[in-house]
Amino acid sequence: MSRTGPDARRVLRPPPGYRLAASVQPLLFSRYDPCARIVDGIFWWAARTPAGAATLALRPVGGELRADGYGPGAGWVVDQADAIAGLCDDLTGFAELAATHPVLARLAAQHAGLRMPTTGLVFARVLRAVLEQKVTGTEAYRAYAATVRHFAEAAPGPMQPLLLPPEPAAVAASPYWVFHPFGVEQRRAETLRRAATVADRLERCPDSSAATRRLTAINGIGPWTTAEVVRVAYGDADAVSVGDYHVPNTVAWALAGEPRADDARMLELLEPFRGHRGRVCRLLEAAGIHAPRFGPRMPIRSFARF
């Protein structure tokens, strides 16, 4: 083990055309994420693993991808590096499904190097998803960044400053009012604390279905939050964020030319792509597709984005 070099290393061989930055984008909240960043083409990601704190660096070298791990959990993140990079993403059957719709056929070709990552870690994603509930993206990021910095613990490795996600036990032990200065009201703070209390059980869920059952049993966590978690923690390519303010409109506009839709219509349009419905939404996001800002007046809908 070197004081300056990585504690573990592995060389991955991605498929031709693989796009690292696009594939790991769901793991970054923004370009200023305190727990992850891309610098000079290298993806740096801090995590609390079952083996301890770790930082993973994914570095394109020629046609290969070098995975370097730092810290006590270095071996764990390097072992999981192919999944984290999206190289274990199972696209079986998607090309045939995409070919049935002209927009998806075009996007699948344009974004052929895009893969969906699997982190294997649940609570860090729960933290972010809960803080995103029923607020704007800007408000969510501010709350997330402030929360991470409040519990500040430096990630191992040479990329600094880089912080670890908060320790679940520390979150669970914090009274709800600790989160108020971060713009987090009591409802989200208590939801986060409840999830932190059962974080060990969440991390032991063997698959997306089991995690969905345990997550939705937590008061304050519903289908939207659950989908946001399992799509990344388990690489669930079928997970759809039901209850999102924008996604139904985006799906309806891209697939049917309809500027406004509700969740039921979105799910109807996505049904032919079952097994890859979350992938369809990710492709639309990666392509920057948005419904027109102003569409026909629709009846007021109410839904719980949680």
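Residues numbered from 1 in each chain as written. Predicted model: local features only at pLDDT ≥ 70, side-chain atom pairs only at ≥ 80, totals over all residues. Heavy atoms only, no water.

Remarks on the pattern of salt bridges
Okay, so step 1: Inspection of the entire model under this criterion finds 17 salt bridges.
Okay, so step 2: Here E185 makes a salt bridge to R188, at a shortest N to O gap of 2.9 Å.
Okay, so step 3: For R188, a relative accessible area of 2% puts it in the buried group.
Okay, so step 4: Between E268 and R265 there is a salt bridge, with its nearest N and O atoms 3.2 Å apart. Here R265 and E268 lie together in helix 14 (residues 263-270), a separation of three residues that amounts to about one turn.
Okay, so step 5: In this structure E268 comes out as exposed when scored by relative accessible area, which is 52%.
Okay, so step 6: What makes R265 partly exposed here is its relative accessible area of 23%.
Okay, so step 7: Connected through shared salt-bridge partners, R9, R66 and D68 make up one network. (Salt bridge = Lys/Arg side-chain N within 4 Å of Asp/Glu carboxyl O. Buried < 20%, exposed > 50% of the residue type's maximum accessible area, 1.4 Å probe, protein only. Helix = DSSP H or I, 4+ residues; strand = E, 2+ residues; numbered from the N terminus.)

Focus: the packing of helix 6 (residues 123-131) against helix 7 (residues 137-150)
Each pair of packed helices gets described by two things: the angle between the helix axes and the distance between those axes.
Okay, so step 1: Put simply, helix 6 and helix 7 touch, their axes get as near as 8 Å, and they point 135 degrees apart. The pairing of helix 6 with helix 7 is recorded here as oblique in orientation. Handedness of the helix 6/helix 7 crossing: right-handed. Between helix 6 and helix 7, the contacting residues are L127, R128 and L131 on the first element and A140, A143, Y144, T147 and V148 on the second.
Okay, so step 2: When its residues are assigned to classes, the contact of helix 6 with helix 7 shows six nonpolar, one polar and one charged. (Axes fitted to C-alpha atoms, helices over the stretch in contact; angles between N-to-C directions. Parallel < 35°, antiparallel > 145°, perpendicular 65-115°, else oblique. Left-handed = near helix turned anticlockwise from the far one by under 90°. Contact = heavy atoms within 4.5 Å. Nonpolar A, V, L, I, M, F, W, Y, C, P; charged D, E, K, R; others polar.)

Notes on the sheet that holds strand 5 (residues 64-70)
Okay, so step 1: Spatial ordering of the open sheet is given by 1-5-4-3-2, a layout of five strands whose pairing is antiparallel. Unpaired on one side and paired on the other, strand 1 (8-12) and strand 2 (36-39) mark the two borders of the sheet. In this sheet, neighbouring strand axes are inclined to one another by 20 degrees on average, regardless of whether the strands run parallel or antiparallel.
Okay, so step 2: Pairing of strand 2 with strand 3 (residues 42-49), which is carried by four bridges, proceeds in the antiparallel orientation. Within strand 3, the residue paired with A36 across the bridge is W45. (Pairing = 2+ DSSP bridges.)

What about helix 13 (residues 247-256)?
Because the α-helix completes a turn every 3.6 residues, residues three or four places apart line up on one side.
Okay, so step 1: With respect to burial, helix 13 is a largely interior element, seven of its ten residues being buried.
Okay, so step 2: Within the sequence span of helix 13, burial applies to P248, N249, T250, V251, A252, A254 and L255.
Okay, so step 3: Its buried side turned inward, helix 13 meets helix 5 (102-110), helix 14 and helix 15 (277-286).
Okay, so step 4: Looking at the residues trailing helix 13, positive phi occurs at G257, about 70 degrees.

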